[in-house]
Amino acid sequence: MDLLQSVDLAQLPKHIAIIMDGNGRWAKEKGQDRVYGHHEGVISVREIVNTCAEIGISYLTLYAFSTENWKRPQAEVNALMELLVNTIRREVEELRKNNVRLHVIGDFKSLPEICQKELNEAKELTAANTGLNLILALSYSSTWEINEAARNMVADALAGKLKPEDIKGDKFHEYLNTSAFPDPELMIRTSGEHRISNFLLYQLAYAELYFTNVHWPEFRKQNLYEALLNYQQRERRFGKTSEQIQTNNPQHV
Ligand code: FPP
């Protein structure tokens with residue numbers, strides 16, 4: 001049965017974030033090289049992006065390369081950068097057709113120039129699209145992002161544009177790399193690890209966390225629907241009591 005029939009399309013999260021884990025382990029189980037797993041992972045990326053666009057998700061953030069991933073063997077890093085360039089080049093037309101707008105978060109300048117060029121072109125070509133916002137986290141970690149935010153805050157303070165008493169509520173959020181996007185309501189991690197791994201630490205404060213043992217190269221739309229069904233069974237309280245939520249939101253009763 002297509003699980004989509006059971007998903008309440010009126011109660012979808014606006015923003016889904018995914019830690020795409022398990023490419024290496026999946027490839028090893030198949031007796032293949034880790035890079036084979038990354039190549040197969042692109043097939044899942046395509047299916048999940050298209051599905052999110054189709055069902056009306058507004059934001060999808062994919063953790064594609066972390067600051068820490070630079071420490072991997074040089075051959076794997078090179079293969080991942082090459083895969084990124086080739087994938088963007090090949091898929092940009094599909095993104096345009098599906099009304100998907102591309103964004104990138106992370107330490108952009110640390111990426112090879114060819115990646116920067118390809119990503120900038122794809123961002124420009126999709127800038128007018130109004131459907132799904134696809135946010136690729138590349139050379140990203142929350143440590144990097146929080147350091148950047150703090151550095152920019154100090155610079156603004158020194159320039160007289162920010163006072164200590166201004167720092168309250170959503171002020172810090174304005175300095176994050178993700179300031180233009182709402183925070184994710186659902187974070188999915190594949191491949192059985194129960195960690196956040198320096199991903200959107202500030203933004204995931206109230207996100208529902210969903211972990212699955214499925215490796216990323218096998219994660220397909222039915223797996224996404226499973227995650228959405230699980231999300232829709234959760235009661236999101238934001239610090240309030242269950243009774244308060246049920247009074248304000250009778251469909252939870
Ligand atoms: C984690 O698996 C995956 C990555 C570090 C890279 C993710 C990249 C892709 C899915 C392909 C390229 C993406 C785009 C957007 C074009 P792992 O290598 O850590 O797996 P392991 O934990 O089993 O070793």
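An account of the accompanying structure is given in this report. (Residues numbered from 1 in each chain as written. Predicted model: local features only at pLDDT ≥ 70, side-chain atom pairs only at ≥ 80, totals over all residues. Heavy atoms only, no water.)

Before going further, it helps to examine the pattern of salt bridges. By the definition in use, this model includes 15 salt bridges. The partner of Asp21 in a salt bridge is Arg25, and the shortest N-O contact between them spans 3.0 Å. Using a relative accessible area of 31% as the deciding quantity, one classes Arg25 as partly exposed. One salt bridge connects Glu174 with Lys171, and the closest N-O pair in it is separated by 3.1 Å. (Salt bridge = Lys/Arg side-chain N within 4 Å of Asp/Glu carboxyl O. Buried < 20%, exposed > 50% of the residue type's maximum accessible area, 1.4 Å probe, protein only.)

With that out of the way, let us pick up the pairing of strand β1 (residues 15–19). Of all 5 residues making up β1, 5 are buried, and the element is well covered by its neighbours. The side-chain alternation of β1 yields two buried faces, one formed by His15, Ala17 and Ile19 and the other by Ile16 and Ile18. Across 5 bridges, the pairing between β1 and strand β2 (residues 59–66) is parallel. Looking at the pairing, Ile18 lines up with Leu62 of β2. Across 4 bridges, the pairing between β1 and strand β5 (residues 186–189) is parallel. Bridging across to β5, Ile16 finds its partner in Leu186. (Helix = DSSP H or I, 4+ residues; strand = E, 2+ residues; numbered from the N terminus. Pairing = 2+ DSSP bridges.)

Around the ligand sit 17 residues, and of these Asp21, Gly24, Arg25, Arg34 and Arg72 come closest. At a separation of 3.3 Å, an oxygen atom of the ligand approaches a polar backbone atom of Gly22. Here Arg25 contributes a backbone N or O atom positioned 2.7 Å from an oxygen atom of the ligand. Protein burial of the ligand: of its 620 Å² of free accessible surface, 91% is covered by the chains. A majority-of-atoms criterion places the ligand in the largest pocket. Those elements that provide at least two residues to the shell around the ligand are α1 (23–29), α2 (34–55) and α3 (74–97). (Near = heavy atom within 4 Å. Polar contact = N/O pair within 3.5 Å; in protein donor to acceptor, adjacent residues only side chain to side chain. Areas by Shrake-Rupley, 256 points an atom, 1.4 Å probe, with all protein chains shown as cover. 1 Å grid on protein atoms, 1.4 Å probe; cavity = no way out; pocket = protein on both sides within 12 Å on 5 of 7 lines; lining within 4 Å. Sits in = over half its atoms within 2 Å of the grid points.)

Unlike most non-glycine residues, Ser191 shows phi in positive territory, near 75°. When you line up the elements, Ser191 lands in the loop between β5 and β6 (208–211). Located in the positive-phi region is Ser197, a residue other than glycine, with phi close to 50°. Considering the arrangement of structural elements, one finds Ser197 in the loop between β5 and β6.

What follows covers the environment of Leu201. As for its position among the elements, Leu201 is in the loop between β5 and β6. In this structure, the C-alpha to C-alpha distance between Leu201 and Gln74, residues 127 residues apart in sequence, is 28 Å. Apart from residues lying up to four places away in sequence, Leu201 is in contact with Ser142 and Ile196. (Contact = heavy atoms within 4.5 Å.)

In this section: the packing of aromatic side chains. Under the counting rule described, the total for this entry stands at 8 aromatic pairs. Ring centres of Tyr59 and Phe181 lie 5.9 Å apart, and the angle between their planes is 55°; this geometry places the pair in the tilted category. On the criterion of sequence distance, the pair formed by Tyr59 in strand β2 and Phe181 in the loop between α6 (171–174) and β5 is long-range, its members being 122 residues apart. Taken individually, Tyr59 and Phe181 each receive the classification buried, so the pair is uniform in this respect. Centroid distance Tyr63 to Tyr140: 6.0 Å. Interplanar angle 80°. Geometry classified as edge-to-face. (Phe/Tyr/Trp six-rings, centres within 6.5 Å; stacked < 30°, edge-to-face > 60°.)

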